[in-house]
Amino acid sequence: MAALLTGAVGLTAVAGCGDSRSERAAARGRAVVAGQQPRAKAPDAPPGPRSIDCGKVACVALTFDDGPGPYTETLLNELHAANARATFFMLGENVGHFPNAVHRMAMEGHELANHSWSHPQLTTMSSADVRSQVQRTQEAIRKASGGVTPKLMRPPYGAVNKRVNSAIGMPEVLWSVDTLDWKYRDTARAEKVAVKEAHRGGIILFHDIHKTSVAAVPTVLDGLKKKGLTPVTVSELYSTDKPLQAGVAYAERMPPAPPKPAEPVAPTRTVRPPSKSPTSSTRPSSTAKPPSKSATPTQPAQPREAGGEGQPATADGDTRH
Ligand SMILES: [Zn+2]
């Protein structure tokens, strides 16, 4: 979709140092709750995005939806072991159940993002209800993380329309690689699909509420590394691209436009036809349209009926919980 690339940090993994990390995280959580006046720059401040130019580096963004959940801290251990960062699109209704996981995400440099409060299809709701889904979740994440306000939103099922875009009021992040992990719950399959389909500038979709998905991450991180891809957060993926715009959906960062084919050379600039934008002649105008199979600004890369993003399965009805 839209546009240009952006990078995210990635993952890799190895599970390990779980207990001690968890304990430290828990301790941090307690400290934050107890401290009435967090010092300005306490050691507890999130590290901030890394300086990675995904216009030059082959980046790929790993994203995890529908959590946090019981396996999220295991995933954080895996990411930590691989020195990788990811983006978590969380449901507000789950955030309060796993505040330590959310706090750890922030402190360990991952990107915290909004996936609505309760995973409804936003196109069926009033604008006021959409705003409420988004804002309540922003508040829950802010509270659990110790002050981080998400900048990105992923609409459940990738379902939006113009009205919903406007009500969301944030850049929307879709995906370009759908592992369908929620559907198959098969670690080996998730590993294979994620690594095989991962591409520069891509955004890979997983769901950390499934144990089988979290178990796939170490191998996926390893596979990405072998492909020369650097896992980054979504904001890192796009950090050297045009700023993401509210109400616009992004499914991957597009590669730089190839050099423009020889065009009758205008002797001087002043001769150019007035209808052409002098500043945008060498790039696709942007975020608005991905070239090929990439999702359009308002559509996920995968057919929605394929369950693009954890679509609730009518069969067992528990794809998300
Ligand atoms: Zn979802």
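As the structure is a computational prediction, the values presented were derived from the model and not from experiment.

Section: unusual backbone geometry
1) Next: Here the bond from Gly 67 into Pro 68 is cis, since omega is 0°, no more than 30 degrees from zero.
2) Next: Unusually for a residue other than glycine, Asp 66 sits at a positive phi of about 75°.
3) Next: Mapped onto the fold, Asp 66 is located in the loop between strand 1 (59–65) and helix 2 (72–81).

A short note on the nonpolar core
1) Next: Grouped together as the largest cluster of nonpolar side chains are 70 residues, with contacts concentrated most on Ala 61, Leu 112, Ala 194 and Ile 204.
2) Next: Aside from chain neighbours lying at most four places away, what touches Ala 194 is Val 177, Thr 179, Ile 204, Ala 216 and Val 220.

Focus: the confidence of the model for the chain
1) Next: When pLDDT is averaged across the chain, the result is 78; 68% of the residues are at 70 or more.
2) Next: Segment residues 270–308: pLDDT under 50, and 75 contacts once partners within four positions in sequence are set aside and those in other chains are kept.
3) Next: pLDDT under 50 marks residues 310–321. Its contacts with residues more than four places away, or in other chains, come to 16 contacts.

Quick look at the pairing of strand 2 (residues 87–90)
1) Next: A two-sided burial pattern is seen for strand 2, the buried positions comprising Thr 87 and Phe 89 on one face and Phe 88 and Met 90 on the other.
2) Next: Running through helix 2, the crossover from strand 1 to the neighbouring parallel element strand 2 is right-handed.
3) Next: Examined bridge by bridge, strand 2 and strand 3 (residues 111–114) share four bridges and lie parallel to one another. Residue pairing across strands places Phe 89 opposite Ala 113, the latter belonging to strand 3.

Points about the environment of Glu 139
1) Next: Here Glu 139 shows up in helix 5 (residues 127–145).
2) Next: By the C-beta count within 10 Å, which is 14 here, Glu 139 ends up partly exposed.
3) Next: Measuring from C-alpha to C-alpha, the distance between Glu 139 and Gly 92 comes to 8.3 Å, with 47 residues separating the pair along the chain.

Notes on the pairing of strand 6 (residues 203–207)
1) Next: When you tally the buried positions in strand 6, you get five out of five residues, the bulk of the element.
2) Next: Both strand 1 and strand 6 contribute to a ladder of five bridges, which runs parallel. Residue pairing in the sheet places Asp 65 in a bridge with His 207 of strand 6.
3) Next: Pairing of strand 5 (residues 177–178) with strand 6, which is carried by two bridges, proceeds in the parallel orientation. By the bridge assignment, Asp 178 is partnered in strand 6 with Leu 205.

Criteria and cut-off values
Residues numbered from 1 in each chain as written. Predicted model: local features only at pLDDT ≥ 70, side-chain atom pairs only at ≥ 80, totals over all residues. Helix = DSSP H or I, 4+ residues; strand = E, 2+ residues; numbered from the N terminus. Core = buried A, V, L, I, M, F, W, Y, C linked by C-beta atoms within 7 Å. Buried ≥ 20, exposed ≤ 12 C-beta atoms within 10 Å, placed from the backbone. Contact = placed C-beta atoms within 7 Å. pLDDT = per-residue confidence, 0-100. Right-handed = clockwise from strand over helix to strand, strands pointing away. Pairing = 2+ DSSP bridges.

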